[in-house]
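A structural walkthrough
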Amino acid sequence: MLEIKDLKVVYPPSILGTKSVSLHVPEKSIIALLGPNGAGKSTILKSISGMLSTERGKIEQGEVRFQGSVINGSSPLNMGIKGVCHVLEGREVFPSLTVEENLRAATMLRNKDSAKTLEMVFHYFPVLKERLKQRAGYLSGGEQQMLAIARGLMTQPKLVLLDEPSLGLAPIVAKKVYEIVEKINQEQGTTFLIVEQNAHLALSIAHYVHVMTNGYTVFSGQANEVDFAHIRKLYLSEDSDDDASEQVV
């Protein structure tokens, strides 16, 4: 479904987002993209969803292919139409709108069968049906994360990019969010690429894993074969001696 080869991303004036990243995301799979802060993981998601252009980032080398087509430099709108949904870090919802209004806002890209899609969303997130008329800003952190994912599902995506879905959540709530993601993948066949700091949590549902450090892919393999001692070593081995012009974000 998705193929990234030797990707180098630069932000102005001369800040590296990634140096050389290659990874593969098979259709109907859950992929964990792990690594320490500053490894370039979020830049990878932005390169796929088209959000890179909103930060004046540029793919300087390599390519991103989605369903066989090169999508380098595509806009967020075009990628949304192609079936890519990017759930940003930080539970980005419209706080002054109700839960229902947040969900309806996503149907601009997919008007067909919106009522059926809404019922599908409530199947996975019944708490949102209970909070339908409540303003999103008054939801708990976990409920806001569920709403952010649910709003993405309203676009009927083929690929969902999740950026740090457990960030700021209590462990029991984060575990519940991951259980729902796994259920959606199993029942709907939706593909997920998940950027996560909590390696244990991400690997509990992932089929494959890629590890990044300092702008490079340093490990790729099946999640059920991962050696956590090796993963920890990769997290700690990042070279911190690069100068400012080689900063990875």
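Residues numbered from 1 in each chain as written. Predicted model: local features only at pLDDT ≥ 70, side-chain atom pairs only at ≥ 80, totals over all residues. Heavy atoms only, no water.

Turning our attention to the overall build of the protein chain. Within the protein chain one finds nine helices and 10 strands. Taken over the C-alpha trace, the protein chain has a radius of gyration of 18 Å; the compact-globule value for 249 residues is 18 Å, and the two agree within 12%. Its C-alpha atoms give the protein chain principal-axis dimensions of about 50 × 35 × 30 Å. Residues classed as buried in the protein chain amount to 51% of the 249 residues present. Of all intrachain contacts in the protein chain linking residues separated by at least 6 positions in sequence, the fraction that spans at least 24 positions is 72%. As displayed, the protein chain has an accessible area near 11600 Å², and 50% of this comes from carbon and sulfur atoms. If you average the places of the 26 positive and of the 28 negative side-chain charges in the protein chain, the two averages end up 7 Å apart. (Helix = DSSP H or I, 4+ residues; strand = E, 2+ residues; numbered from the N terminus. Rg over C-alpha atoms; globule rule 2.2 N^0.38 Å. Buried < 20%, exposed > 50% of the residue type's maximum accessible area, 1.4 Å probe, protein only. Contact = heavy atoms within 4.5 Å. Areas by Shrake-Rupley, 256 points an atom, 1.4 Å probe, with all protein chains shown as cover. Lys, Arg positive; Asp, Glu negative; His and termini not counted. Charge placed at Lys NZ, Arg CZ, Asp CG, Glu CD.)

Below, the discussion takes up the nonpolar core. In this structure, Leu34, Leu103 and Phe125 are the most contacted members of the largest nonpolar core, which totals 51 residues. If sequence neighbours within four positions are ignored, leucine 34 has contacts with Lys41, Glu196, Ala199, Ala202, Leu203, Val209, His210, Val211, Met212 and Tyr235. With 27 residues, the next largest nonpolar core counts Leu2, Val9, Leu23 and Ile71 among its residues. (Core = buried A, V, L, I, M, F, W, Y, C linked by side-chain atoms within 4.5 Å.)

A word on the packing of helix H4 (residues 114-124) against helix H7 (residues 171-188). Where H4 meets H7, the axes come as close as 10 Å, and the angle between the chain directions of the two elements is 135°. If you check the angle between H4 and H7, you find them oblique. Contacts from Met120, His123 and Tyr124 of H4 reach H7 at Ile180, Lys183, Ile184, Glu187 and Gln188. Classifying every residue of the contact of H4 with H7 gives four nonpolar, two polar and two charged. (Axes fitted to C-alpha atoms, helices over the stretch in contact; angles between N-to-C directions. Parallel < 35°, antiparallel > 145°, perpendicular 65-115°, else oblique. Nonpolar A, V, L, I, M, F, W, Y, C, P; charged D, E, K, R; others polar.)

Under the defined criterion, the tally for this structure stands at zero aromatic pairs. Looking at arginine 151, its charged tip hangs above the ring of phenylalanine 94, at a distance of 4.9 Å from the centre. (Phe/Tyr/Trp six-rings, centres within 6.5 Å; stacked < 30°, edge-to-face > 60°. Lys NZ or Arg CZ within 6 Å of the ring centre and 35° of its normal.)

On to the confidence of the model for the protein chain, then. Taken over all residues, the pLDDT of the protein chain has a mean of 90, while the share at 70 or more is 92%. Scored below 50 in pLDDT, residues 238-247 makes 16 contacts in the model with residues more than four places away or belonging to other chains. (pLDDT = per-residue confidence, 0-100.)

As a packed pair, helix H6 (residues 141-153) and H7 sit with axes 10 Å apart at the nearest point and diverge in direction by 15°. Between H6 and H7, the interaxial angle falls into the category roughly parallel. At the point where H6 passes H7, the crossing takes the right-handed sense. Along the contact surface, H6 presents Gly142, Gln145, Met146, Ile149 and Leu153, while H7 presents Val173, Lys176, Val177, Ile180, Val181 and Ile184. (Left-handed = near helix turned anticlockwise from the far one by under 90°.)

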